[in-house]
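Listed here are the chains, written in short residue letters.
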Amino acid sequence: MNIVVTGGAGFIGSHLSEKLLSLGHRVIVIDNFHEFYPLEIKIRNILESTDNKELIKDFKEIEENSSKKIKKDEIIKALCDVTESRKYKLYYCDIRDKKNLDKIFSEEKPDAVINLAGLAGVRPSISEPILYEDVNIKGYMNILETCVKYNVKKFIQASSSSVYGNNKKVPFSENDIVDFPISPYAATKKSCEIIGHVYHSLYKIDMFQLRFFTIYGERQRPDLAIHKFVKNICEGKIIYMYGDGSSMRDYTYIGDIIDGIIKSMEYLLKNENIYEILNLGNSNAVSLKEMVETIENELNIKAEKEYLPMQAGDVLKTYADISKAEQLIGYSPSVTFGEGIKRFVKWYGKGER
């Protein structure tokens, strides 16, 4: 099958692309290589996911030797060329660029779309809410409109546990009311769920909205807590903890998330008239304090900590009820938090960060 993965150069997208390739699908990656974090990281993600690991050093040298003005476009063009194969195609494209999306869909004729693209992060969305609306909602609608034009009927959208806000009932269920987000990022994700239902109703696009719960693991973005904490502890730097350490997250290992996405796709391909919202989490809330202790124990290094007030937009707890995903698609996370941290630390220690 021809499967479009938007945001395919990112943390989740590169793992998903790698898995889809292993299953024999043709993968069409669309990514704008946004400077939210270093280009080098996304280059490595792409090269690892396409089994071109030996080229990582070459691309780093190209980046270092290129002038700032032309560096990004030159490197990405080279990346597109070197990774292109019968089963994989990389496009340098922003999802807000409807004309370019149209060209890609016209050429590739996808059977399904998995939309992981968009601006991430609760805290940055507070300072740039209009940009988040533009990318996460307008860009998403561009993709849906292109699916309508080219009769693509199978669609998976990355939603987020952030839509639950400070939900009082735990664990969080898909049936809970989610009308009270506390960040622009969360509001965009809630909006996308609603818009998705419109396109399902009007154009019979079968769709899953997958609410991801705090994903971590190899290739995790460097701005996220686990990655930052491991880095700072290894370098003997202070780690900053917001709140008193009691805030909790349902940390979910990347391999389990990818398994959930694949199972969702397989379900869509076998069924019709589908619009479902699913929690993909680990159903095990871990406190900030416990998270840091787990990292300390794995590294065998004591962290130097500084406590700061909770930040605006941060929720106190996330905790997924995954019974619906278990029953509907056979989702069954298998990696414990301790094992996931062990795998991440091993990856980080290899210098693949």
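All of these numbers come straight from a predicted model, not from anything done at the bench. (Residues numbered from 1 in each chain as written. Predicted model: local features only at pLDDT ≥ 70, side-chain atom pairs only at ≥ 80, totals over all residues. Heavy atoms only, no water.)

Participant: How do you make sense of the overall build of the chain when you look at a structure like this?
Facilitator: Summing up its helical and strand segments, the chain has 13 helices and 13 strands in all. Relative to the compact-globule value of 20 Å for 353 residues, the chain shows a C-alpha radius of gyration of 20 Å, a close match. For the C-alpha atoms alone, the extent of the chain along its principal axes is close to 55 × 50 × 35 Å. Within the span of the chain, comprising 353 residues, buried residues form 54% of the whole. Within the chain, counting contacts between residues at least 6 apart in sequence, those at least 24 apart form 81% of the total. Split by element, the accessible area of the chain, about 15,700 Å² in all, is 50% carbon and sulfur. (Helix = DSSP H or I, 4+ residues; strand = E, 2+ residues; numbered from the N terminus. Rg over C-alpha atoms; globule rule 2.2 N^0.38 Å. Buried < 20%, exposed > 50% of the residue type's maximum accessible area, 1.4 Å probe, protein only. Contact = heavy atoms within 4.5 Å. Areas by Shrake-Rupley, 256 points an atom, 1.4 Å probe, with all protein chains shown as cover.)

Participant: Can you walk me through the sheet that holds strand S6 (residues 206–212) in this structure?
Facilitator: The strands making up a sheet associate through backbone hydrogen bonding, with each pair oriented either parallel or antiparallel. The seven strands are arranged S3-S2-S1-S4-S5-S6-S11 in an open sheet whose pairing can be described as parallel. Either end of the sheet is taken by a strand with one partner, and the two such strands are strand S3 (88–92) and strand S11 (275–280). If you compare each strand with its neighbour and ignore which way they point, the axes differ by 15 degrees on average. Of the strand pairs in this sheet, strand S1 (residues 2–6) and strand S4 (residues 112–115) are connected by four bridges, and their pairing is parallel. Opposite Thr6, over in S4, you have Asn115 as the bridge partner. Against the sheet, helix H5 (residues 98–108) touches S1, strand S2 (26–31), S3 and S4, its axis set at about 175 degrees to S2. (Pairing = 2+ DSSP bridges. Axes fitted to C-alpha atoms, helices over the stretch in contact; angles between N-to-C directions.)

Participant: What's the story with unusual backbone geometry in this structure? I'm lost.
Facilitator: When glycine is set aside, most residues are seen to have a negative phi, and most peptide bonds are trans. With an omega of -5 degrees, the peptide bond running from Val170 to Pro171 counts as cis. Following the sequence through the fold, Pro171 ends up in the loop between strand S5 (154–160) and helix H8 (184–203). Its identity as a non-glycine residue notwithstanding, Asn151 has a phi of 60 degrees, on the positive side. Residue Asn151 is classed as exposed on the basis of its relative accessible area of 53%. The phi angle at Thr214 is positive, at roughly 25 degrees, despite the residue not being glycine. Assignment of secondary structure puts Thr214 in the loop between S6 and strand S7 (215–216). Take Thr214: its relative accessible area is 27%, and that puts it in the partly exposed class.

Participant: I would appreciate a short explanation of the packing of aromatic side chains in the present structure.
Facilitator: Working definition: an aromatic ring pair is given by the centre-to-centre distance plus the angle between the planes. For the structure shown, the criterion picks out 15 aromatic pairs. Put simply, the rings of Tyr216, Tyr251, Tyr253 and Phe337 pair up and form one aromatic cluster. Above the plane of the ring of Tyr91 lies Lys89, whose end atom (NZ or CZ) is 5.3 Å from the centre. For Arg123, the ring lying beneath its charged end belongs to Tyr242, and the centroid distance is 4.7 Å. (Phe/Tyr/Trp six-rings, centres within 6.5 Å; stacked < 30°, edge-to-face > 60°. Lys NZ or Arg CZ within 6 Å of the ring centre and 35° of its normal.)

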